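The chain contents come next:
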Amino acid sequence: MNMIEINNLCGGYDKKEILHGVSLSIPAGSFTAIAGPNGCGKSTLLKHIIGELNPFSGEIKIDGISACGLDRIEKARKVSFVGQRSEFAGDFTVQELVTLGRYCHFDEASSSSIIDRSMEMVGIKHLKDRLISSLSGGEYQLAMISRALCQDTPIMLLDEITNNLDPKHELQILKLLKTFTAEGKTVVCILHDLSRILSYADHTIILKDGSVHADGLTESVITEETVNKVFDISCSIIHVDGHKLLTVY
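Residues numbered from 1 in each chain as written. Predicted model: local features only at pLDDT ≥ 70, side-chain atom pairs only at ≥ 80, totals over all residues. Heavy atoms only, no water.

(A) Up close: the overall build of the protein chain. A count of helical and extended segments in the protein chain gives 9 helices and 12 strands. Taking 18 Å as the expected radius of gyration for a compact globule of 249 residues, we find that the protein chain reaches 18 Å, a close match to that expectation. Projected onto the principal axes, the alpha-carbon positions of the protein chain cover approximately 50 × 45 × 30 Å. Out of the 249 residues belonging to the protein chain, those deemed buried represent 48%. Excluding contacts between residues fewer than 6 apart, the proportion of contacts in the protein chain whose partners are at least 24 apart in sequence is 66%. Here the protein chain displays about 11,700 Å² of accessible surface, and carbon together with sulfur accounts for 49% of that area. Charge separation in the protein chain, taken as the distance between the mean sites of 24 positive and 32 negative side-chain charges, equals 1 Å. (Helix = DSSP H or I, 4+ residues; strand = E, 2+ residues; numbered from the N terminus. Rg over C-alpha atoms; globule rule 2.2 N^0.38 Å. Buried < 20%, exposed > 50% of the residue type's maximum accessible area, 1.4 Å probe, protein only. Contact = heavy atoms within 4.5 Å. Areas by Shrake-Rupley, 256 points an atom, 1.4 Å probe, with all protein chains shown as cover. Lys, Arg positive; Asp, Glu negative; His and termini not counted. Charge placed at Lys NZ, Arg CZ, Asp CG, Glu CD.)

(B) Geometry of the nonpolar core. Counting residues in each nonpolar core, the largest one holds 48 residues, and the members touching the most others are F31, I124, L177 and I222. Of the residues forming this core, the biggest block, 8 residues, is contributed by helix α5 (residues 137-151). Excluding residues within four positions of it along the chain, I222 makes contact with L194, I197, L198, T204, I206, V227, I237 and L246. Membership of the second largest hydrophobic core comes to 26 residues, among which are V22, C40, A67 and V188. (Core = buried A, V, L, I, M, F, W, Y, C linked by side-chain atoms within 4.5 Å.)

(C) Here's a closer look at the environment of I155. Within the fold, I155 resides in strand β7 (residues 155-159). Placed 81 residues apart in sequence, I155 and E74 show a C-alpha to C-alpha distance of 13 Å. Sequence-distant contacts of I155, defined by excluding residues within four places in its chain, comprise M3, I4, I62, K78, V79, S80 and T186.

(D) The environment of F31, seen in detail. On the secondary structure map, F31 appears in strand β3 (residues 31-35). Residue F31 is classed as buried on the basis of its relative accessible area, which comes to 0%. A C-alpha to C-alpha distance of 9.7 Å links F31 and M156, two positions 125 residues apart in sequence. Every residue in contact with F31, bar those within four places of it in the chain, is listed here: L174, L177, K178, T181, V187, C189, L191, Y200, A201, D202 and H203.

(E) Spotlight on unusual backbone geometry. Unusually for a residue other than glycine, N8 sits at a positive phi of about 50 degrees. Along the chain, the position of N8 falls in strand β1 (residues 2-13). Its identity as a non-glycine residue notwithstanding, D232 has a phi of 55 degrees, on the positive side. Tracing the chain through its elements places D232 in the loop between α9 (224-231) and β11 (235-240).

(F) View of α9. Every buried residue of α9 is accounted for by T226, V227 and V230. One side of α9 carries all its buried residues, which in axial view fall inside an arc of 95 degrees. Exposed and facing more than 90 degrees away from the buried side of α9 are E225 and K229. Of the surrounding elements, those touching the buried residues of α9 are α7 (194-200), β9 (203-208), β10 (211-217), α8 (218-221), β11 and β12 (243-248). (Arc of directions from axis to C-beta.)

Laid out in structure tokens, this is it:
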């Protein structure tokens, strides 16, 4: 079963086409990584899936339903999103920010425990009364991830969420996302660190120049040949203590 299906998608910003005939499927319960050079259309693709951008042509289906047939609340119950630079007007406390993830569920009776749990899972409950304007970049990113967890959707889309995190929190979040897929959730994450993709993603999509260059099981997509061709670098994949690591030279 595929949780997201995209057929011949063309899209972009204003009249500038960034994505050119993109077709792909994202399996349910997978940890799917999206990789590719800067400017290849990774973030644009996620924005089309959540409806922030409208396709020029093509179709997107979410859980078997055309995305254009879902209203805002229905889509928010199916898909949560953490972007690179999510900002809010006004100043909220961390708990207030996380609570925004419950707006689409209308279940105040159970929300309190879900809000607390989502903060505990990412390790920010001690920050719950802090204003978001006082947070570091990494702390703010963790709060946004907690908000997405609080939304409790079957699909999570995350755009370069590890960029502001220290190594400890980076590993914590990737391991947490991996546990969600074991529970049946579908995680789609844009990542630049190809070694992390090798360790955590079971399905990988590589975009290049707005088109799908490779799509499939991670071990068949993240290869020395493909990485060398797509990123124009020399690399080797080595095995260390049961893990695959990609070294660049």
